[in-house]
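Structural overview
So you can see what is in the structure, the chains are spelled out below.
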Amino acid sequence: MRIDVQTGRSAGVLMRTAQRREPGRMSPKGEAMVGVTKRELKGCRFDEAEIDAVLSISDVVVAHAAAFDRLFLEPLIQALTHKRWACSMTDIGWRQPEGLANASIDLLLTHHGGGASGHTLEDDCRALCFVLDQPLPKSLVPDSES
C-alpha cells in the first residue's frame, strides 16, 4: 500500500501477495491462532521471487502483532531482516487514548464500519489494509488539527 504522507491515507495498493508455507511443526494452539491447520499447509512453499518483488518496493513491513510475525518470518526470509517493522496493534494507541477495549482486528473493523474478518490469513491482511486506510485516529492527529 502506498501511503500519502500528508494525510496518512492509502494512495493505492501497489502489489500484494499471500504466501503460505508448510511448517516443520505446528501445535494445536498455533493452528487455532492462525486459523489454518498443518494439514492445510502441506506442500505449500513461499514464492521467494514474489516476496522479494514486494519487499523491493516496501519501506516498512506492517503486521498486526509484528513481534510474533517477525520472530518466525525473519529466519525464513532474509530480506525481512533489513526492513523496518511496524505493529498495527501496539504502535497505534487504540486502547489509550482512542478508548477501544482492545486492538483485535474484528473490533477495529467494527469501529471503522467494516464487516467481520473471515479469519483466513488473506482475510486478515485485507482487513488490516482496510483499517489502516481509515482516517488517522484522533491520537495521531497533530494538536493543531484537533
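Everything below is about the structure shown above.
A brief look at the structure comes next. (Residues numbered from 1 in each chain as written. Predicted model: local features only at pLDDT ≥ 70, side-chain atom pairs only at ≥ 80, totals over all residues. Heavy atoms only, no water.)

**A look at the side chain of S88**
Topologically, S88 is positioned in the loop between β2 (84-87) and α4 (105-111). Residue classification places S88 among the buried positions, given a relative accessible area of 3%. A polar side-chain atom of S88 sits 2.6 Å from a polar atom in the side chain of H64. Those residues in contact with S88 that sit more than four places away from it in its chain are V62, A63, H64, W94, L128 and L132. (Helix = DSSP H or I, 4+ residues; strand = E, 2+ residues; numbered from the N terminus. Buried < 20%, exposed > 50% of the residue type's maximum accessible area, 1.4 Å probe, protein only. Polar contact = N/O pair within 3.5 Å; in protein donor to acceptor, adjacent residues only side chain to side chain. Contact = heavy atoms within 4.5 Å.)

**Things to note about the environment of I3**
Relative to the helices and strands, I3 resides in the segment before α1 (28-34). For I3, a relative accessible area of 41% translates into the label partly exposed. Here the alpha-carbon distance between I3 and V13, two residues 10 residues apart in the chain, equals 9.0 Å.

**What about the packing of aromatic side chains?**
Scanning the entire structure with this criterion turns up 1 aromatic pair. Geometrically, the ring pair formed by F68 and F72 is edge-to-face, given 5.3 Å between the ring centres and 65° between the ring planes. Residue F68 and its partner F72 are both found in helix α3 (residues 66-73); the two are separated by 4 residues, about one turn of the helix. With relative accessibility at 36%, the residue F68 sits in the partly exposed group. (Phe/Tyr/Trp six-rings, centres within 6.5 Å; stacked < 30°, edge-to-face > 60°.)

**Things to note about a nonpolar patch on the surface**
A cluster of nonpolar side chains, namely M33, F68, F72 and L76, defines an oily patch on the protein surface of about 370 Å² accessible area. One can find M33 in helix α1. For M33, a relative accessible area of 53% gives the class exposed. (Patch = residues over 30% accessible without salt bridge, like charges linked within 9 Å, V, L, I, M, F, W, Y side chains within 5 Å. Areas by Shrake-Rupley, 256 points an atom, 1.4 Å probe, with all protein chains shown as cover. Salt bridge = Lys/Arg side-chain N within 4 Å of Asp/Glu carboxyl O.)

**Section: the environment of A53**
Considering the arrangement of structural elements, one finds A53 in helix α2 (residues 48-56). On the accessibility criterion, A53 (27% relative accessible area) is partly exposed. In this structure, the C-alpha to C-alpha distance between A53 and T17, residues 36 residues apart in sequence, is 9.6 Å.

**Quick word on the pattern of salt bridges**
All chains considered together, the criterion is met by 2 salt bridges. The salt bridge involving D123 is made with R126; its shortest N-O contact spans 2.7 Å. One end of the pair, D123, and the other, R126, are both in helix α5 (residues 121-132), 3 residues apart, so they sit about a helical turn from each other. Since its relative accessible area comes to 46%, R126 is described here as partly exposed.

**Topic: α3**
Those residues of α3 that sit buried are A66, D69 and L73. What you see down the axis of α3 is that its buried residues fit within an arc of 70°, all on one side. Away from the buried face of α3 by more than 90 degrees, exposed residues A67 and L71 are located. (Arc of directions from axis to C-beta.)

**Focus on the side chain of D69**
Among the secondary structure elements, D69 is positioned in helix α3. Non-local contacts of D69, meaning those with residues more than four positions away in its chain, are made with A63, H64 and W85.

**Concerning the pairing of strand β1 (residues 60-63)**
Here β1 shows a clear split, with V61 and A63 buried on one side and none of V60 and V62 buried on the other. Bridging between β1 and β2 involves 4 bridges; their strand directions are parallel. Residue pairing in the sheet places V61 in a bridge with W85 of β2. Each parallel crossover has a hand, and the one from β1 via α3 to β2 is right-handed. (Pairing = 2+ DSSP bridges. Right-handed = clockwise from strand over helix to strand, strands pointing away.)

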